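Understanding the architecture of this molecule
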Amino acid sequence: MAKYMLIMRATDEAVQAYQDIPFEQVIEAMGKYNEELMKAGVLLAGEGLSDASEGFVVDFSAEPPLVTDGPYGETKELFNGFWILEVASKEEAAEWAKRCPLGPGSKLEVRRVTEIEDFPQDNEWIQKEAGWREEQAQRAAKA
């Protein structure tokens, strides 16, 4: 099994198209899709994001890093939300992505989520990360 992140992106065209669709219809379509993912047992996480005007960007090309409030100039695609799925293959991730109820101007970028095993196990920081994850799992189990 592998984890894949489906990253929802939208262009200005997609944003405009969604303004012509009743909000309840959008929520229903997404709700049905999420329900399919849950019933199949592949959904690990998923969230939508607020409007870009509420966000900000931290630009590390300056020292100190520069914080700029949204909305962002010349944005061609906005990151609007994500799902994390645990599936058997890249092909299965693609099949789930194709079922997403998005319209013209929308895209899903699908990327495998790296696991700790993907990194050199003799690295001090990877070993610390493994310990932190174990501590987190123990705390979660106690809660």
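1. Thoughts on the overall build of the chain
Looking only at helices and strands, the chain has four helices and six strands in total. Start at the N end of the chain and walk to the C end: the helices and strands fall as β-α-α-β-β-β-β-α-β-α. Rg of the C-alpha trace for the chain: 18 Å, well past the compact-globule value of 15 Å for 143 residues, more than 25% over. Along the first, second and third principal axes, the C-alpha set of the chain runs to 55 × 45 × 30 Å. Within the span of the chain, comprising 143 residues, buried residues form 20% of the whole. Counted over contacts in the chain with a minimum sequence separation of 6, partners at least 24 positions apart contribute 74%. For the chain, the accessible area works out to roughly 10,400 Å², and carbon and sulfur atoms hold 54% of it. Taken as two groups, the 15 positive and 28 negative side-chain charges of the chain have centres that lie 5 Å from each other.

2. Overview of the packing of helix H2 (residues 23-40) against helix H3 (residues 90-99)
For the pair H2 and H3, the least separation of the axes is 10 Å and the interaxial angle reads 150°. With respect to their mutual orientation, H2 and H3 come out roughly antiparallel. Of the two possible hands of crossing, H2 and H3 adopt the one that is right-handed. Residues Tyr-33, Glu-36, Leu-37 and Ala-40 of H2 lie in contact with H3, whose contacting residues are Trp-96, Ala-97 and Arg-99. Grouping the amino acids of the contact of H2 with H3 by side-chain chemistry returns five nonpolar, no polar and two charged.

3. Let's talk about H3
Those residues of H3 not exposed but buried are Ala-93, Trp-96 and Ala-97. The buried residues of H3 all sit within an arc of 105° when viewed along its axis, so they share a single face. For H3, the exposed residues set more than 90 degrees away from the buried face come down to Glu-91 and Lys-98. In this structure, the buried side of H3 is in contact with strand E1 (2-10), H2, strand E5 (78-87) and strand E6 (106-112).

4. Overview of the side chain of Thr-11
Its place among the elements puts Thr-11 in the loop between E1 and helix H1 (12-19). Residue classification places Thr-11 among the buried residues on the basis of a relative accessible area of 17%. If we skip the residues at most four places from it in the chain, Thr-11 touches Lys-76, Glu-77 and Gly-105.

5. As for the pairing of E5
Looking at chain direction, E1 and E5 are connected through nine bridges and run antiparallel. Bridge assignment links Lys-3 to a residue of E5, and that residue is Glu-86.

6. Remarks on unusual backbone geometry
Looking along the chain, the bond that leaves Glu-63 and enters Pro-64 is cis, with omega of 0°. Position of Pro-64 among the secondary structure elements: in the loop between strand E3 (56-59) and strand E4 (66-69).

Conventions we followed
Per-chain numbering applies: the sequence of each chain, read as written, is numbered from 1 onward. Per-residue local features are limited, in this predicted model, to residues with pLDDT of at least 70; the limit for side-chain atom pairs, both in listing and counting, is 80 or more; totals at the level of whole chains, interfaces and linings are taken over all residues. Note that the side-chain values use all heavy atoms of the structure and ignore hydrogens as well as water. Runs of H or I in DSSP of at least four residues are treated as helices and runs of E of at least two as strands, each being numbered from the N terminus. Only C-alpha atoms enter the radius of gyration, while the globule expectation follows 2.2 Å times N to the 0.38, with N the number of residues. Summary of the burial criterion: residues with accessible area below 20% of their type's maximum are buried, those above 50% are exposed, and those between are partly exposed, where the area comes from a 1.4 Å probe applied to protein chains only. We call two residues in contact whenever any of their non-hydrogen atoms come within 4.5 Å of each other. Here, Shrake-Rupley sampling with a 1.4 Å probe gives the accessible areas, and only protein chains in the shown set may cover a residue. The positive count covers Lys and Arg only, the negative count covers Asp and Glu only, and His and the chain ends enter neither. By convention, charge coordinates are those of NZ in Lys, CZ in Arg, CG in Asp, or CD in Glu. In this analysis an axis means a line fitted to C-alpha atoms, helices contributing only their contacting stretch, and an angle means the value between N-to-C directions, from 0 to 180 degrees. The cut-offs work like this: below 35 degrees is roughly parallel, past 145 is roughly antiparallel, 65 to 115 is roughly perpendicular, and the gaps in between are oblique. Throughout, a crossing is termed right-handed when the near helix is turned clockwise from the far one, and left-handed when it is turned anticlockwise from it by less than a right angle. Residue classes follow a fixed rule: Ala, Val, Leu, Ile, Met, Phe, Trp, Tyr, Cys and Pro count as nonpolar, while Asp, Glu, Lys and Arg count as charged, and any other residue, Gly among them, counts as polar. Each C-beta atom gives one direction from the helix axis, and the arc is the one those directions make. Two strands qualify as a pair provided that DSSP identifies no fewer than 2 bridges between them.

Nothing here speaks to function; it is geometry throughout.
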